[in-house]
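# Commentary on secondary and tertiary structure
Given next are the chains, with one letter for each unit.
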Amino acid sequence: MELNFSKEDLQFRDEVRSWLENDYPKHVKAKQDNAEPLTRQDMVDYHKAVSAKGWMGYNWPVEYGGTGWTATQLYIFNKEFGLAGTPPLLAFGVSMVAPVIYTFGNEEQKAKYLPDILEFNTWWCQGYSEPGSGSDLASLKTKAVKTFDGKHYIINGAKTWTTLAQNADWIFCLTRTETTSIKQEGISFILIDMKTPGIEVKPIITIDGEHEVNSVFFTDVKVPVENLIGEEGKGWTYAKFLLAHERFGIASVGGSLRALNKLKEIASNLENTDLDKKITELEIDLNALEITELRMLSDLENGGQVGAESSILKIKGTEIQQRLTELMVESSGEHALLYPGPHGFGSNDKPSGPDYSADAVSKFLNMRKTSIYGGSNEIQKNIISKFVLGV
Amino acid sequence: MELNFSKEDLQFRDEVRSWLENDYPKHVKAKQDNAEPLTRQDMVDYHKAVSAKGWMGYNWPVEYGGTGWTATQLYIFNKEFGLAGTPPLLAFGVSMVAPVIYTFGNEEQKAKYLPDILEFNTWWCQGYSEPGSGSDLASLKTKAVKTFDGKHYIINGAKTWTTLAQNADWIFCLTRTETTSIKQEGISFILIDMKTPGIEVKPIITIDGEHEVNSVFFTDVKVPVENLIGEEGKGWTYAKFLLAHERFGIASVGGSLRALNKLKEIASNLENTDLDKKITELEIDLNALEITELRMLSDLENGGQVGAESSILKIKGTEIQQRLTELMVESSGEHALLYPGPHGFGSNDKPSGPDYSADAVSKFLNMRKTSIYGGSNEIQKNIISKFVLGV
Amino acid sequence: MNLNFSEEQVMLKETIQKFCDNDYDFYKREEVIKSENDFDLNTWNLFAEQGWLSMPFSEDSGGFGMGPIELSILFEEFGKALVIEPYLSTVVLSGTLIDNSSYEHKKDIIERICSGSLHISLAYAEAKNSYNYNLPSTSLSSDLLLNGTKNLVLNGGNANKLVVSCIYNEELALVIVNADKDGISMNTFPTVDGQSCAEITFENVSINSEDVIGTGDNAITLLNNSISLATLCVSAEAVGCMSSCYLKTVAYTKEREQFGQPISNFQVLQHRMVDMFIESELCRSLLIKAMLEVDSGSDDMHKHVSGLKAQIGKSGKFSAQQAVQLHGGMGVSDELMIGHYLKKLIVIDALFGNTDHHLKKYAQ
Amino acid sequence: MNLNFSEEQVMLKETIQKFCDNDYDFYKREEVIKSENDFDLNTWNLFAEQGWLSMPFSEDSGGFGMGPIELSILFEEFGKALVIEPYLSTVVLSGTLIDNSSYEHKKDIIERICSGSLHISLAYAEAKNSYNYNLPSTSLSSDLLLNGTKNLVLNGGNANKLVVSCIYNEELALVIVNADKDGISMNTFPTVDGQSCAEITFENVSINSEDVIGTGDNAITLLNNSISLATLCVSAEAVGCMSSCYLKTVAYTKEREQFGQPISNFQVLQHRMVDMFIESELCRSLLIKAMLEVDSGSDDMHKHVSGLKAQIGKSGKFSAQQAVQLHGGMGVSDELMIGHYLKKLIVIDALFGNTDHHLKKYAQ
């Protein structure tokens, strides 16, 4: 039994750290460290820098231009990026649609889409949730009807909670190509160019004042049948495959460690023993979460399987992220009532009081989504109950 | 709006306090204050003293020898007794079977049973739960079959968790006189002399080492039909009536206040700020519980109805009682591992360390039952959900 | 004992409720927040006409002589509708403080508050005093020059006058000053709950001696009573928010279908809503206790306000967080009331001392 | 990185598991507890034969040179079966302390521990030291007379020898003394988890100078390492209890029918069991971290043991309380394991510092 990383892994960690110190774009780092909003171009610059290093395909096999990393390397990569406070890498292209394309797509599709994803020439978004379907994803209603000549689908319906659709070039959608008695059947996985006529993106402003998510409406949107991935009606299978692909990193250990360290530094100047105790409890929680993730990693690396236990990572990871922002609000005291809005107070006009309080509540409000999306924490507990406890 | 008691109520409170100071049997008080176990005779002495004062029928109407108290008086009575640390009055006779008898029984039955209950000449116990039926009380299986001549019931079956059956003279039982498709039908309410042949009482030792509850087995127990209360097959109605009768006092505000004061005194010598904070939170909780009970009381006194909201009193009352014992264990530190057993360490042989630790764990273990019995706290939440929230 | 409202109180409650239901919907509120103004002048004038701005003031000053019970009723209803008008700062924090002082012009000021023509803010907070309001660093010199910076002055940007806490002769003092006086500069900021506050700097602002409205123990009492009353009011507001949270969540879960049934069928959600209901009821009980204690001016009143506020901080955040969670994605949308209750309850926890602060105060 | 057990460790685990399953059932345990003896001599001899009593000792002393990982494996299995034999006091607390000391007779003592013929208890606790073990009031005079009272001496009533912490020359010291020596008197008491402990008074008990086995910093290190290792062991024991709690509760709720269905169908109970499972897994993770730190003797080892123990206190009580609650009436019956897990987990929280104590230690 050995918790330490191998020499190779330590070398890899040093390489990641070196990149973060030298090649993580400075203008992005500056804004990110000051909690200033990033522009679309900032995000593109950042992703292209990662791509230039050859790390964009962090969870892809080598044959498609991926890194072919071990689970441990991927863990180290995630943790170090989190510790450095980088923006999370956008998952929609590289980590969500790409594995579906290289696993179930045909050669033309692989050639058409994968290189642009690797180089971040295309920004993807995800068309899963609909106004009526939340945790019950399979109840989706967006329709794709084949034209008479069989060359196109005509798509009608609406998707919602679509993250950064306002920036996206492409969207991958679950659509209903057939109405069946079993709702998981008749679903197809279709890629749609966001410039296609008939697509309308409407912002949803969230309680933190941000425009991060959108509703996307489809009115008679004409899509070539070549954009169907795999077989018609098998979309649900691909969707489940995709979900299984985004397990690791969900614990956000690196990012939470960074936030914890900041919180500890703040608390050390406050002489508030109540806060100290809460932080200690949270630190132990985070420690337990990290070892739990490493245990699953160790199982994987040693030929084992990790199943529904990984829902623990989602549940505890999001609880810890939320709790960190709660304690940051608490440490702001009465100054928590100030609201900078999504674009900050501006540079000349900051209120006095602790500077960390400026975005404490915004972050707190933003983090509320984490226990809701990606399968709410209640759904995760259902999964553990069914698949781990067998009840 | 007025939280203060009326002059009359304050006079009544003084009368209760005076009785507790002067007439609460000294030998019972001494043992009770030292957390020493009471004998059967101690309990009889105590109840007879209450009876002598005319307070045994605390929730009865005047016509049957009850006090005819207002809800406020009953509240004061409960609270003052709790604050004085008296043993809880045994509910089985006076508060459970008696209201069923004077509401649904015939004149002979009233004359036969009520005076003995008022004078505590008979000790009653409750035959509700069965090995298979817990929260699902109506699934009970104990059978009562009428003899050919119609003069007796022959009873077979088993009851369990029967509190102090080892001391009881009589038991009131829910029995199945008919097998029906709706399980709530066909249940009859029958009184049984514990000396009847065929009854066997077997102790159940609980985790605190106490013999408080029992299993009671009935093998061909012959009971006169005169012992049926009300109509055959209507037992479920009477049982529900009975449950509605034991709502108040369940919050145990007086007893919890007494325990809280003791805990505060102990903590004041410990210089443990963590414990202090937990005690403060609990004190506020208890305060909220008391006002909540008073609000329901005020509704009653002003002609209103109190429904399923009173489940709050059960839930929070038991949570607070349990929490109090938890904090007492905590304040015992490492000495909590000592176990005096149900009969204490004896008088000459006490361990050093804080004296309050001697029975801290026993009480903690004993209190675990409170969130289980009388409709588990989960069942109480189902009740609130259904009848208050309407979901 | 009678814990029911009097007939007059029930009528007051119904009047306010009717106003909120009919004239204060979500969209109107959003419009005002997004406009240049921090509140709606017509609404404020309506408050004046209804007499609500006169409620807590003594009859001598032209008020209705109502107390913490009526204020609690008002604020609970305001909480349900998330009213943003600056009642707390002008009427409760500043108005009652002045009314309780022996300031010679107080009648004039209170009358103008009642008519809706005057806004006053209490400048009690500073960047570094973390809930200890009795030791400001703002000072009044022996020749009555005021120097220092106050922040989080609620509605400060709209205030015609300010009540400022400061140190004078090594004691706490309270002074009144016109907001447009020379030497006063101001920055305003939005607050999380859609209101606004100001950071105000005083640089050698000369104060008239008659405008020093309290010093020493008297100033401490005036300030603490005013803040205690305001703490009670925001707690009542929180109770309003909390009861709306559970009621709206029950309604939503009954309508929202997932997996072929309303999600209110799921027992975990049922019990969660029961917990929200219980927290709300327990807070209401503590509110009743505290408002009766403040009403009678008992020795324990600050203690009971602290007990209430400590619980409000915990229960409020719990209720709103669960309401958001059970609303799923809709819960984090700015277009629904639910998320705004969460913001309000966060602000209320932060105002006048959070849970941990009041737990310590309660235990003292 | 590899967090899986080695083949030898898996074999050890299986051997102990087999023993517990076959030879250590509930009724046998109950019999021993109710008898005059505090443990079963045959079982103890079997431990010796299996070599389990030799596990943690250095090979020089005749042990197997195993470490905290193997001890954790042993204690987790002991936790599942609630083994009451005094392994902790004789082998872990006293044995490893002596083995790590430079005591000249240590080889003899360790050999007798390994063979099962010698019991030793560590007298570390006193009535007033509330988890601060480095400042005992028991003292050793300059002419080597021991005076003072120790309490909560685990298995003290059966001990042939005692290791006693005391103050000598104003420093901490550890002495070994035969339990039957003149001047030693003893009272024994049962513990909540079915074991026993003693309160031992020393009155001018003369100590041989060679039996002072550690003084000053050396004594502090010996004592703290021994208690840290014991803390790790009881935490592993707790993890065993916790995993049994959720597994037995899952099994029970699947069988127990109410309202015409197994109660495991109720979502509230399902999520409660999921919470128990999660707590148990998180504790296991902290256990792994702590045992590896102790194994490597890292600077942070005491910190990580404290983190583990703090979590064990919370999670352990939660898991056992929920197990009792979900078993309903059966949960509070002394005839089922469930209630005994609760007792054990209460004892473990109390031993060597409870949650709050270790949170503070962790933060230091």
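Here is what the cut-offs are and how they apply
- The numbering scheme is per chain: residues are counted from 1 as the chain's sequence reads.
- Chains carry letters from A onward and ligands carry numbers from 1 onward, assigned in written order.
- The predicted origin of the model limits local features to residues at a pLDDT of at least 70 and limits the giving and counting of side-chain atom pairs to 80 or more, whereas totals for whole chains, interfaces and linings rest on all residues.
- Only hydrogens and water are set aside when side-chain values are computed; all heavy atoms of the structure are taken into account.
- Per the convention used, a helix needs a DSSP run of H or I reaching at least four residues, while a strand needs a run of E reaching at least two, with both numbered from the N terminus.
- Within these notes, the globule rule equals 2.2 Å times the number of residues to the 0.38 power, and the radius of gyration is based on C-alpha atoms.
- Each residue's exposure class comes from its accessible area (1.4 Å probe, protein chains only) as a fraction of the maximum for that residue type: buried when under 20%, exposed when over 50%, partly exposed otherwise.
- Throughout, a contact is declared for two residues whenever any of their heavy atoms are within 4.5 Å.
- Per-residue and other accessible areas were derived by the Shrake-Rupley procedure at a 1.4 Å probe size, with only the shown protein chains allowed to occlude residues.
- The convention is simple: Lys and Arg are positive, Asp and Glu are negative, and His and the chain ends are not counted.
- Charge coordinates come from a single atom per side chain, which is NZ of Lys, CZ of Arg, CG of Asp or CD of Glu.
- The angle between two axes is taken between their N-to-C directions and runs from 0 to 180 degrees, where each axis is a line fitted to C-alpha atoms and a helix contributes only its stretch in contact.
- Here is the rule for angles: anything less than 35 degrees is roughly parallel, anything more than 145 is roughly antiparallel, 65 through 115 is roughly perpendicular, and the remaining ranges are oblique.
- Polar here means any residue other than Ala, Val, Leu, Ile, Met, Phe, Trp, Tyr, Cys and Pro, which are nonpolar, and Asp, Glu, Lys and Arg, which are charged; Gly is therefore polar.
- Summed over both partners, the accessible surface that disappears when two parts come together, traced with a 1.4 Å probe, is what is meant by buried area.
- We define a salt bridge as a side-chain nitrogen of Lys or Arg found within 4 Å of a carboxyl oxygen belonging to Asp or Glu.
- Here a polar contact means two N or O atoms within 3.5 Å. Within protein one must be a hydrogen donor candidate and the other an acceptor candidate, and residues neighboring in sequence count only if both atoms are side-chain atoms.
- What marks off one domain from the next here is an automatic or database domain assignment.
- Aromatic rings from Phe, Tyr and Trp, taking only the six-membered ring of Trp, are treated as a pair when their centres fall within 6.5 Å; an angle between ring planes under 30 degrees marks them as stacked, one over 60 as edge-to-face, and anything in between as tilted.
- Whether a charge sits over a ring depends on NZ of Lys or CZ of Arg being within 6 Å of the ring centre and within 35 degrees of the ring normal.
- Here, expected helix span is obtained from the residue count minus one, scaled by 1.5 Å.
- Values of pLDDT, ranging from 0 to 100, describe the predictor's confidence in every residue of the model.
- Note that a disulfide, as used here, is simply two cysteine sulfur atoms within 2.5 Å.
- UniProt positions are given in the numbering used here, feature names are shortened, and annotations may be inferred rather than shown by experiment.
- The directions considered for the arc are those from the helix axis to the C-beta atoms.
- The handedness criterion is simple: a crossing whose near helix is rotated anticlockwise from the far helix by less than a right angle is left-handed, and one whose near helix is rotated clockwise is right-handed.
- Between any two strands, at least two bridges found by DSSP are needed for them to pair.

### Structural notes on the overall build of chain A
- Summing up its helical and strand segments, chain A has twelve helices and eight strands in all.
- What you see for chain A is a C-alpha radius of gyration of 22 Å, in line with the 21 Å of a compact globule of 391 residues.
- Judged by the C-alpha coordinates and their principal axes, chain A covers about 75 × 55 × 50 Å.
- Burial statistics for chain A: of 391 residues in total, 55% are counted as buried.
- Relative to all contacts within chain A whose residues are 6 or more apart in sequence, the contacts with residues 24 or more apart total 71%.
- Carbon and sulfur atoms make up 51% of the accessible area of chain A, which totals about 16300 Å².
- For chain A, the distance from the average position of its 40 positive side-chain charges to the average position of its 53 negative side-chain charges is 4 Å.

### Considerations on the packing of helix α9 (residues 273-301) of chain B against helix α8 (residues 267-296) of chain C
- Close contact between α9 of chain B and α8 of chain C brings their axes to 8 Å; oriented N to C, the two are set at 85°. In terms of orientation, α9 of chain B and α8 of chain C fall into the roughly perpendicular class. Here α9 of chain B contributes I284, N287, A288, L289, I291, T292 and R295 of chain B to the contact with α8 of chain C, which in turn contributes E281, L282, R284, S285, L286, I288 and K289 of chain C.
- Tallied by class, the residues present in the contact of α9 of chain B with α8 of chain C amount to seven nonpolar, three polar and four charged.

### Examining the interface of chain B and chain D
- Each partner contributes residues to the interface: chain B has 41 residues there, and chain D has 45 residues.
- In total, chain B and chain D occlude about 3500 Å² of area from one another, counting both sides; carbon and sulfur atoms represent 58% of this.
- Together, I207, E334 and L337 of chain B form the three largest contributors to the area buried by chain B at its contact with chain D, with a combined 22%.
- Taken together, the links from chain B to chain D amount to three salt bridges.
- Note that E378 of chain B and R272 of chain D form a salt bridge whose closest N and O atoms lie 3.0 Å from each other.
- Counting the contacts that link chain B with chain D gives 22 residue pairs in polar contact (both at pLDDT 80 or more).
- For the side of chain B that touches chain D, the secondary structure elements donating two or more residues are β6 (199-205), α9, α10 (311-331), α11 (360-367) and α12 (377-387) of chain B.

### What to know about the domain arrangement of chain C
All names here are of chain C.
- Parsing chain C into structural domains produces domain 1 (7-115), domain 2 (120-216) and domain 3 (218-363).
- Distance between the C-alpha centres of domain 2 and domain 3: 30 Å.
- In this complex, domain 2 contributes 17 residues to the contact, which on the side of domain 3 involves 18 residues.
- Taken as a group, Y131, V192 and D193 account for 37% of the area that domain 2 buries against domain 3, more than any other trio of residues on that side.
- Between K344 and D193 there is a salt bridge whose closest N-O contact spans 2.8 Å.
- Counting across the domain 2 and domain 3 interface gives seven residue pairs in polar contact (both at pLDDT 80 or more).

### As for the interface of chain A and chain C
- On the side of chain C, 45 residues touch chain A, which itself brings 41 residues to the contact.
- Considering only the surface of chain A that becomes buried against chain C, I207, E334 and L337 of chain A emerge as the three largest contributors, covering 22% of it.
- Counting across the interface, chain A meets chain C through three salt bridges.
- Our count for the chain A to chain C interface comes out at 22 residue pairs in polar contact (both at pLDDT 80 or more).
- Looking at the side of chain A that touches chain C, the elements that each hand over two or more residues are β6 (199-205), α9 (273-301), α10 (311-332), α11 (360-367) and α12 (377-387) of chain A.
- Of the residues in the side of chain A that touches chain C, the class split is 17 nonpolar, twelve polar and twelve charged.

### What about the domain arrangement of chain A?
- For chain A, the assigned domains are domain 1 (7-89), domain 2 (124-233) and domain 3 (251-387).
- Here domain 1 of chain A and domain 2 of chain A have C-alpha centroids that lie 30 Å from each other.

### Here we look at the packing of aromatic side chains
- Tallied over the entire structure, the rule returns 77 aromatic pairs over all chains.
- Aromatic pair Y113 of chain A and W124 of chain A: ring centres 5.8 Å apart, planes at 70°, arrangement edge-to-face. With Y113 of chain A in helix α6 (residues 107-118) and W124 of chain A in strand β1 (residues 124-127), the pair connects residues that are eleven residues apart, well separated along the chain.
- With centroids separated by 5.6 Å and ring planes inclined at 80°, the aromatic side chains of F75 of chain C and Y87 of chain C adopt a geometry described as edge-to-face. Here F75 of chain C is found in helix α4 (residues 68-81), whereas its partner Y87 of chain C is found in helix α5 (residues 87-100), with twelve residues between them in sequence.
- Y87 of chain C gets classed as buried once you look at its relative accessible area, which sits at 1%.
- Positioned above the aromatic ring of Y339 of chain B, the side-chain terminus of K343 of chain D is 5.9 Å from the ring centre.

### Here we look at helix α10 (residues 337-350) of chain D
Residue and element names in this part refer to chain D.
- Over its 14 residues, α10 runs 20 Å from end to end, which matches the ideal 20 Å to within 8%, given 1.5 Å per residue.
- Within α10, 14 of the 14 residues are buried, which leaves it mostly tucked inside the rest of the structure.
- Positive phi shows up at F352, right after α10, with a value of about 60°.

### A word on the confidence of the model for chain C
- This prediction gives chain C a mean pLDDT of 96; 100% of its residues lie at or above 70.
- For this predicted complex, the interface confidence reaches an ipTM of 0.95, while the overall pTM sits at 0.96.

### Points about the state of the cysteines
Residues and elements named next belong to chain C.
- This structure, assessed with the given rule, holds zero disulfides over all chains.
- Between C20, a free cysteine, and C241, which holds the nearest cysteine sulfur, the sulfur-to-sulfur gap is 12 Å.
- Lacking any disulfide linkage, C197 is separated from the closest cysteine sulfur, that of C241, by 18 Å.

### As for the UniProt feature "domain: Acyl-CoA oxidase/dehydrogenase middle" (unreviewed entry) in chain A
- Residues annotated in UniProt with the feature "domain: Acyl-CoA oxidase/dehydrogenase middle" (unreviewed entry) correspond here to residues 125-216 of chain A.
- Within residues 125-216 of chain A, the helical portion is 0% and the strand portion 50%, while the C-alpha atoms at the span's ends are 11 Å from each other.

### Side note on helix α11 (residues 355-363) of chain C
- Within α11 of chain C, burial applies to T355, D356, H358, L359 and Y362 of chain C. For α11 of chain C, the arc enclosing every buried residue in end-on projection is 165°, short of the 170-degree limit, so these residues lie on one face.
- Looking at the buried positions of α11 of chain C, the neighbouring elements they touch are α9 and α10 of chain A, α9 of chain B together with α7 (216-255), α9 (301-326) and α10 (337-350) of chain C.

### Here we look at the packing of helix α5 (residues 91-104) of chain A against α6 of chain A
All names here are of chain A.
- At a closest axis distance of 10 Å, the pairing of α5 and α6 adopts a crossing angle of 160°. In this view, α5 runs roughly antiparallel relative to α6, as classed from their interaxial angle. By crossing handedness, the relation of α5 to α6 is classed as left-handed. When α5 is examined against α6, the residues G93, V94, V97, A98, I101 and Y102 are found in contact with a partner set consisting of Q109, K110, Y113, L114 and I117.
- Looking at the contact of α5 with α6 residue by residue, the class counts come to eight nonpolar, two polar and one charged.

### Quick look at the pattern of salt bridges
All names here are of chain A.
- A full pass over the atoms with the stated rule returns 82 salt bridges over all chains.
- A salt bridge links R17 to E80, with the nearest nitrogen and oxygen atoms 2.9 Å apart. Residue R17 is located in helix α1 (residues 7-22), and its partner E80 is located in helix α4 (residues 71-83); the two are separated by 63 residues in the primary sequence.
- R17 gets classed as partly exposed once you look at its relative accessible area, which sits at 37%.
- With a closest N to O distance of 2.6 Å, E330 and K278 form a salt bridge.

### Observations concerning the side chain of T147 of chain A
All names here are of chain A.
- Considering the arrangement of structural elements, one finds T147 in the loop between β2 (143-146) and β3 (152-163).
- In this structure the side chain of T147 is engaged in a polar contact, spanning 2.6 Å, whose partner is the side chain of D149.
- Ignoring sequence-local partners within four residues, the contact set of T147 consists of H152 and I154.

### Description of the pairing of strand β3 (residues 145-154) of chain D
Residue and element names in this part refer to chain D.
- β3 sits mainly inside the fold: seven of its ten residues count as buried.
- Counted along the chain from strand β2 (residues 139-140) to the antiparallel partner β3, the turn is four residues long, and its residue L144 has a positive phi close to 65°.
- As paired elements, β3 and strand β7 (residues 196-206) share seven bridges and run antiparallel to each other. What sits directly across from V153, in β7, is A198.

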